[in-house]
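Here are the chains, one letter per residue:
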Amino acid sequence: MKSNLSNIKKSKYYLDKNECVGIPTETVYGLAGNAYSEKATSKIFKLKKRPKNNPLIVHYHNLKMLRNDCIINKKFLKLYKKFCPGPITFILQLKKESKISQNVTNKKKTLAVRFPKHFITRKLLKNLKYPLAAPSANISTKISPVSRSDVQDEFGKKIKFILDGGYSKIGLESTIISLTNNPKILRLGGIEISKINRLLKTNLKFNSKNKNVAAPGQGRVHYSPGIPIRLNVNSPKRDEAFILIKKRKFSGKNFYYLTKTKNLNEAAKNLYKTMRIIKKKKFKKIAVEKIPNKGLGLTINDRLNRASNK
Ligand code: TXA
Ligand code: MG
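The structure presented is a predicted model; accordingly, all values stated were derived computationally and were not measured.

Draft legend 1. Representation of unusual backbone geometry within the structure. A cis amide bond links Cys 84 to the next residue, Pro 85, at an omega of -5°. Tracing the backbone shows Pro 85 in the loop between helix H4 (74-83) and strand E5 (88-94). The backbone of Lys 49 sits at a positive phi, close to 55°, despite the residue not being glycine. According to the relative accessible area criterion, Lys 49 is exposed, its value standing at 61%. Non-glycine residue Asn 106 carries a positive phi angle of around 55°.

As structure tokens, this is what we get:
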């Protein structure tokens, strides 16, 4: 991992010129551009082949900059103090005077904001005069990248620079909570809902089938490795890559462990990485062992369910 100052300077150089740069975060890598620039943000959509009606998350270094763009409320401050920087995204009301590009919001009055924890990206954000719009750095509907080389695989020479920050520590995208009205969970992610509920004294639940609350980009076919996935499998077929979370006595060449000890944080970290390896090995099918629906297991199962829709 090269995290020296010159790479941060290089990223700033390109970003200041309205180019897109791959950035590491603790959740997944992002494809970043100046959130105030029409030019930079339209490049993001083009590169990702992302539908224009799917708004972008904007990444900030601190509250001070956020206040230029969003109206801040008490619940937000509570969550911010506890979890930020970290893997949580807030939907807030956009201020009239905000300079956020209309590409980012799809002309809506709300904005998704996040304070990523990765120290390299924090250093970069601190050095910029604008926040960074950064969706996950993958072609639309495909698996999110968790390393520099994953981003390279997605975009090749089409992007100017990718800032290397090693493997993403969490390995799954941020939890999204809407705070423009009564709080609603729009996406399961790196922060467990139970922790949010404890803090806000709420009983929020996530309903993946409820189209009214889902984030626009949470279509049923998402996070797809492009090959069929079978879930809750005990005995895999011979031609399936088998994803497991606890050690078995006998192992096959087609076995891919996310963790050997049912550690669901470790499993989350290895999920997308493993799916990419399996794809590269040219497997045509994936089978996955049952993963408990608790802790980050809930997020892992959410992603697997979506991925298995194609
Ligand atoms: O962990 C993450 O959140 C990563 C890293 C790079 O920060 N980013 C990420 O971005 O996952 P993306 O674009 O792949 O997913 C953002 C989701 C999309 O489903 C989008 O529809 C939703 O956030 N979203 C963005 N703005 C929104 C808004 N104003 N209201 C509701 N949903 C919004
Ligand atoms: Mg994404």
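Draft legend 2. A look at the nonpolar core. Counting 62 residues, the largest nonpolar core has Leu 66, Phe 76, Phe 90, Phe 115, Ile 177 and Ile 196 as the members making the most contacts within it. Every residue in contact with Phe 115, bar those within four places of it in the chain, is listed here: Tyr 60, His 61, Asn 62, Leu 63, Leu 66, Phe 76, Tyr 80, Cys 84, Pro 85, Gly 86 and Phe 90. Core analysis: the second largest hydrophobic core is formed by 27 residues, Ile 229, Ile 245, Leu 258 and Leu 304 among them.

Draft legend 3. Broad picture of the packing of aromatic side chains. Scanning all chains against the criterion turns up nine aromatic pairs. A centroid spacing of 6.4 Å and a plane angle of 40° characterise the contact between Phe 76 and Phe 115, whose relative ring orientation is tilted. Taken together, the residues span a long stretch of sequence, with Phe 76 in helix H4 and Phe 115 in the loop between strand E6 (110-114) and helix H6 (119-126) at a distance of 39 residues. Overall, Phe 76 belongs to the buried group, its relative accessible area being 0%. Overall, Phe 115 belongs to the buried group, its relative accessible area being 1%. Aromatic side chains Phe 242 and Phe 255 sit 5.4 Å apart centroid to centroid with 75° between the ring planes, which places their arrangement in the edge-to-face category. Placement of the pair is Phe 242 in strand E12 (residues 240-244) and Phe 255 in strand E13 (residues 255-257), with a sequence separation of 13 residues. Grouping residues by exposure puts Phe 242 and Phe 255 together as buried. Here the aromatic residues Tyr 60, Phe 76, Tyr 80, Phe 90 and Phe 115 are joined through ring pairs into a cluster of three or more. Over the ring of Tyr 257 we find Lys 260; its NZ or CZ atom is 4.9 Å from the centre of that ring. Taking the ring centre of Tyr 167 as reference, the NZ or CZ of Lys 273 above it sits at 4.1 Å.

Draft legend 4. Representation of the side chain of Ser 174. The topology assignment puts Ser 174 in the loop between strand E8 (161-162) and strand E9 (175-178). Given a relative accessible area of 2%, Ser 174 falls into the buried group. Of note is the side chain of Ser 174, whose polar atom sits 2.7 Å from the side chain of Thr 89. Residues contacting Ser 174, with those up to four places away along its chain left out, are Thr 27, Ile 57, Pro 87, Ile 88, Thr 89, Arg 114, Arg 187, Leu 188, Gly 189 and Gly 190.

Draft legend 5. Fine view of the pattern of salt bridges. Following the criterion strictly, the structure yields 13 salt bridges and no others. The partner of Arg 276 in a salt bridge is Glu 154, with the nearest N and O atoms 3.0 Å apart. Within this pair, whereas Arg 276 is found in helix H9 (residues 264-280), its partner Glu 154 is found in helix H7 (residues 148-155), the two being separated by 122 residues in sequence. Glu 154 carries the same exposure label as Arg 276, and that label is buried. Across the pair Lys 246 and Glu 289 runs a salt bridge whose closest N-O atoms are separated by 3.4 Å. Of this pair, Lys 246 sits in the loop between E12 and E13 while Glu 289 sits in the loop between strand E14 (285-288) and helix H10 (296-307); the two residues are 43 residues apart in sequence, bridging distant segments of the chain. A relative accessible area of 35% means that Lys 246 is categorised as partly exposed. By relative accessible area, which is 5% here, Glu 289 ends up buried.

Conventions adopted
Residues numbered from 1 in each chain as written. Chains lettered and ligands numbered in written order. Predicted model: local features only at pLDDT ≥ 70, side-chain atom pairs only at ≥ 80, totals over all residues. Heavy atoms only, no water. Helix = DSSP H or I, 4+ residues; strand = E, 2+ residues; numbered from the N terminus. Buried < 20%, exposed > 50% of the residue type's maximum accessible area, 1.4 Å probe, protein only. Core = buried A, V, L, I, M, F, W, Y, C linked by side-chain atoms within 4.5 Å. Contact = heavy atoms within 4.5 Å. Phe/Tyr/Trp six-rings, centres within 6.5 Å; stacked < 30°, edge-to-face > 60°. Lys NZ or Arg CZ within 6 Å of the ring centre and 35° of its normal. Polar contact = N/O pair within 3.5 Å; in protein donor to acceptor, adjacent residues only side chain to side chain. Salt bridge = Lys/Arg side-chain N within 4 Å of Asp/Glu carboxyl O.

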